Amino acid sequence: MHKKYSISIVLLLMLLVFGGCAKRSTTKVSFYYWKTVFALNESERAILKETDCAKIYLRYFDVILTKGSTEAIPESPITFKDSIGKLELIPVIYIKNEVMLNDKEDLEKLADRILDYISQINKTNKINTSEVQIDCDWTLASKDNFMKFMEILKSKTSGRLSATIRLHQIKYAATTGIPNVDYGVLMYYNMGKIAADNSNSIYDRKIAEKYLSKLSAYPLSLKVAIPMFSWTVQIRSEKVVGLNAKITLKDLISNDFENVSDNIFTVKRSQYLKGSLLNKHDLLKIEKVSSKELSDIASDLNKNLKETPAEIIFFDLNENNIKQYEKSIYKEIATSF
């Protein structure tokens, strides 16, 4: 074979090999776990194995401000019924915005209490963690306190520090501020108001499109949290009177309910259902994100993020949520980046 043709073939093979590698997604699948007891059932363990998931973002506790108090306290700490095995856990601390609105809160002491409580949970359960994630939907009114708190927490944390970021905090970053963290997690859900109309408060592509153009300019490296949950909105006399994440479509396929549209049912007799008192004639609206919409989310983000996310974190790992999707959807979404 002529020498120049040999070289050309080698170069072509190299381009095919390295070109293929460049297109291969490096985005991993992870999950949020948002219960108060860590206990994985068979289906939850199966999906972790199916997706090669090695990391769970675990809600450790909430931080709230009780009525009449000037000092925030932890609430509903996680307890462990199962061993974590080889899973890497990231403690997630949900801080209500009311805490950051409290000008009397000693932020230095708050940071110490949070880190100490995480340490206690880890020690009790023989867990090692190397990161803390703060979940707080801060506002303009609470921005100064939140940013100061994150600076303090960063100075006291030996490992990595991350924070959840909402779409409005991306679009208006110049005014809402950017926390001093190693990376952010874009919470790509809960976009609208829970309402008595046909809207979907969990995900609305038209609402999301108003924010997408700002993603590429956001300075923090971003992972992405994608919704895989549903809930049922209870409507009475055209007003929202309840929200129940335990009621699913399967519960409403019975003679007690009449399907009046794709996702809305009428209650035919008064009853209790999974903790909710349902009156006759109440409307139940199921809000969820379809597999097609999950693909839309991935496509839109892929076009607008400045870099490929290291992880797609599905919210949240729960048997009821898992049953609503094909097992392949998680990897399909992650590998589309």
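These figures come from a predicted structure and were not determined experimentally. (Residues numbered from 1 in each chain as written. Predicted model: local features only at pLDDT ≥ 70, side-chain atom pairs only at ≥ 80, totals over all residues. Heavy atoms only, no water.)

A. Quick look at the side chain of Gln271. Along the polypeptide, Gln271 turns up in strand β15 (residues 271–273). A relative accessible area of 11% means that Gln271 is categorised as buried. In this structure the side chain of Gln271 is engaged in a polar contact, spanning 3.2 Å, whose partner is the backbone oxygen of Arg269. The residues contacting Gln271, other than those within four sequence positions of it, are Asp256, Phe257, Ser276, Leu277 and Leu278. (Helix = DSSP H or I, 4+ residues; strand = E, 2+ residues; numbered from the N terminus. Buried < 20%, exposed > 50% of the residue type's maximum accessible area, 1.4 Å probe, protein only. Polar contact = N/O pair within 3.5 Å; in protein donor to acceptor, adjacent residues only side chain to side chain. Contact = heavy atoms within 4.5 Å.)

B. Examining the sheet that holds strand β11 (residues 231–236) more closely. In spatial order, the strands read β12-β11-β17-β14-β13; together these 5 strands make up an open sheet with antiparallel pairing. Edge positions in the open sheet fall to β12 (239–244) and β13 (257–259), since each of these has one partner strand only. Ignoring strand direction, the axes of neighbouring strands in this sheet form an average angle of 30°. Note: strand β14 (residues 264–267) against strand β17 (residues 283–287), 3 bridges, orientation antiparallel. The partner of Ile264 across the bridge, within β17, is Lys285. (Pairing = 2+ DSSP bridges. Axes fitted to C-alpha atoms, helices over the stretch in contact; angles between N-to-C directions.)

C. Region of interest: the pattern of salt bridges. If you walk through the whole model with that rule in mind, you get 21 salt bridges. The partner of Glu44 in a salt bridge is Lys35, and the shortest N-O contact between them spans 2.9 Å. According to the relative accessible area criterion, Glu44 is buried, its value standing at 0%. Owing to a relative accessible area of 25%, Lys35 belongs among the partly exposed residues under this scheme. Here Glu108 ties to Lys156 by a salt bridge, and the two come within 2.9 Å at their closest N and O atoms. Of this pair, Glu108 sits in helix α4 (residues 107–125) while Lys156 sits in helix α5 (residues 143–156), and the two are 48 residues apart along the sequence. Note on Glu108: relative accessible area 41%, which makes it partly exposed. Through salt bridges with shared partners, one network takes in Arg205, Lys292, Asp296 and Asp300. (Salt bridge = Lys/Arg side-chain N within 4 Å of Asp/Glu carboxyl O.)

D. Representation of the packing of aromatic side chains within the structure. Enumeration over the complete set of coordinates arrives at 16 aromatic pairs. Taken together, a centroid distance of 4.8 Å and an interplanar angle of 50° make the contact between Phe61 and Tyr117 tilted. Of the two residues, Phe61 sits in strand β3 (residues 55–64) while Tyr117 sits in helix α4, which places them 56 residues apart along the sequence. What makes Tyr117 partly exposed here is its relative accessible area of 21%. Where Tyr188 meets Tyr203, the ring centres are 6.4 Å apart and the plane angle is 40°; that geometry is what we call tilted. Separated by 15 residues along the polypeptide, Tyr188 in the loop between β9 (183–187) and α8 (205–212) and Tyr203 in the loop between β9 and α8 bring together distant segments of the chain. Grouping residues by exposure puts Tyr188 and Tyr203 together as buried. These aromatic residues form a ring-pair network of at least three members: Tyr32, Trp34, Tyr57, Tyr189, Phe229, Trp231 and Phe315. Just above the ring of Tyr211 sits the side chain of Lys171; from NZ or CZ to the centre is 5.3 Å. (Phe/Tyr/Trp six-rings, centres within 6.5 Å; stacked < 30°, edge-to-face > 60°. Lys NZ or Arg CZ within 6 Å of the ring centre and 35° of its normal.)

E. Structural context of unusual backbone geometry. A cis amide bond links Phe315 to the next residue, Asp316, at an omega of -5°. Along the polypeptide, Asp316 turns up in the loop between β18 (311–315) and α11 (319–322). Notably, Asn190 is not glycine yet its phi reads approximately 55°, a positive angle. With respect to the secondary-structure elements, Asn190 resides in the loop between β9 and α8. Although it is not a glycine, His281 adopts a positive phi angle of roughly 85°. By the element assignment, His281 lies in the loop between β16 (276–278) and β17.

No statement about biological role is implied by the geometric values presented.
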